[in-house]
Amino acid sequence: QVQLVESGGGLVQAGGSLGLSCLASGRTASTNIMAWFRQAPGQEREFVAGISWTGMYTEYADSVKGRFGISRDNAKNAMYLRMNRMKPEDTAVYYCAARTRREGTWSTPNNYDYWGRGTQVTVSS
């Protein structure tokens, strides 16, 4: 089992920046692929960004490409999301996710085995 805990959410003005962290515990060797998802009220959970075990491969949703940066530090069992030039439409609960399998679409929530409880991010206009 893997436990994931997000932190760093909060309120930021449009155009500002915010950083999220996800700390993993338990069988962290199982976190081959890690990702950030988000869910706004009344909407489905959507993929934000994903990263491979080594960090060599990353993937971003078109809506955040060029503004957000994902990274990880396996020595600290941590994953990060740096969010720049934020927009009101970035407002959502942000979730950390992880899975063991390398194969499969990164952007599909059902392809992940472990989830954090989420952290609220609110961007004011």
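Just above, that's the structure.
Described in the following lines is the structure provided in the data block. (Residues numbered from 1 in each chain as written. Predicted model: local features only at pLDDT ≥ 70, side-chain atom pairs only at ≥ 80, totals over all residues. Heavy atoms only, no water.)

Moving on, we get to the nonpolar core. Ranked by size, the top nonpolar core spans 35 residues in total, and within it Leu4, Trp36, Leu81, Met83 and Tyr94 carry the most contacts. Those elements giving two or more residues to this core turn out to be strand E1 (2–7), strand E3 (18–26), strand E4 (33–39), strand E5 (46–51), strand E7 (68–73), strand E8 (78–83), strand E9 (92–99) and strand E11 (119–124). Apart from residues no more than four positions distant in its own chain, Leu81 is found in contact with Leu18, Gly19, Leu20, Trp36, Val48, Ala49, Phe68, Gly69, Ile70 and Tyr94. (Core = buried A, V, L, I, M, F, W, Y, C linked by side-chain atoms within 4.5 Å. Buried < 20%, exposed > 50% of the residue type's maximum accessible area, 1.4 Å probe, protein only. Helix = DSSP H or I, 4+ residues; strand = E, 2+ residues; numbered from the N terminus. Contact = heavy atoms within 4.5 Å.)

Another point: the environment of Glu89. Looking at the secondary structure, you find Glu89 in the loop between E8 and E9. Given the relative accessible area of 55%, Glu89 is considered exposed. With 36 residues separating them in the primary sequence, Glu89 and Ser125 have C-alpha atoms 9.6 Å apart.

What follows covers unusual backbone geometry. For Asn77, which is not glycine, the phi dihedral falls at a positive 55 degrees. Turning to its location among the elements, Asn77 is positioned in the loop between E7 and E8. Look at Asn77 and you get partly exposed, because its relative accessible area is 29%.

Quick look at the state of the cysteines now. Applying the stated criterion to the full structure yields one disulfide. Each sulfur of the disulfide joining Cys22 and Cys96 lies 2.0 Å from the other. Around the S-S axis, the bridge from Cys22 to Cys96 shows a dihedral of about -70 degrees and counts as left-handed. Separated by 74 residues along the polypeptide, Cys22 in strand E3 and Cys96 in strand E9 bring together distant segments of the chain. (Disulfide = S-S within 2.5 Å.)

Our focus in this paragraph is the sheet that holds E3. Pairing within the open sheet is antiparallel, and its four strands lie in the order E1-E3-E8-E7. Looking at which strands have only one partner, the edges of the open sheet turn out to be E1 and E7. Strand-to-strand twist of the sheet, defined as the mean angle between neighbouring strand axes without regard to direction, takes the value 15 degrees. Pairing of E7 with E8 involves six bridges; the strand directions are antiparallel. Looking across to E8, one finds that Phe68 is bridged to Met83. (Pairing = 2+ DSSP bridges. Axes fitted to C-alpha atoms, helices over the stretch in contact; angles between N-to-C directions.)

With that settled, consider the pairing of E1. Burial of E1 is one-sided: the residues Val2, Leu4 and Glu6 facing one way are buried, the residues Gln3, Val5 and Ser7 facing the other way are not. Where E1 and E3 come together, six bridges link them in antiparallel fashion. Within E3, the residue paired with Gln3 across the bridge is Ser25.

Turning our eyes to something else, we now look at the pattern of salt bridges. Any two side chains of opposite charge can pair, on the condition that their charged atoms come close. The tally for this structure, following the rule as stated, stands at four salt bridges. One salt bridge in this structure joins Asp90 and Arg38, with 2.9 Å as the shortest N-O distance. Placement of the pair is Asp90 in the loop between E8 and E9 and Arg38 in strand E4, with a sequence separation of 52 residues. According to the relative accessible area criterion, Arg38 is buried, its value standing at 5%. Residue Arg67 is joined to Asp90 by a salt bridge in which the shortest nitrogen-to-oxygen separation is 2.8 Å. Of this pair, Arg67 sits in the loop between strand E6 (58–60) and E7 while Asp90 is found in the loop between E8 and E9, placing the two residues 23 residues apart along the sequence. Note on Asp90: relative accessible area 0%, which makes it buried. (Salt bridge = Lys/Arg side-chain N within 4 Å of Asp/Glu carboxyl O.)

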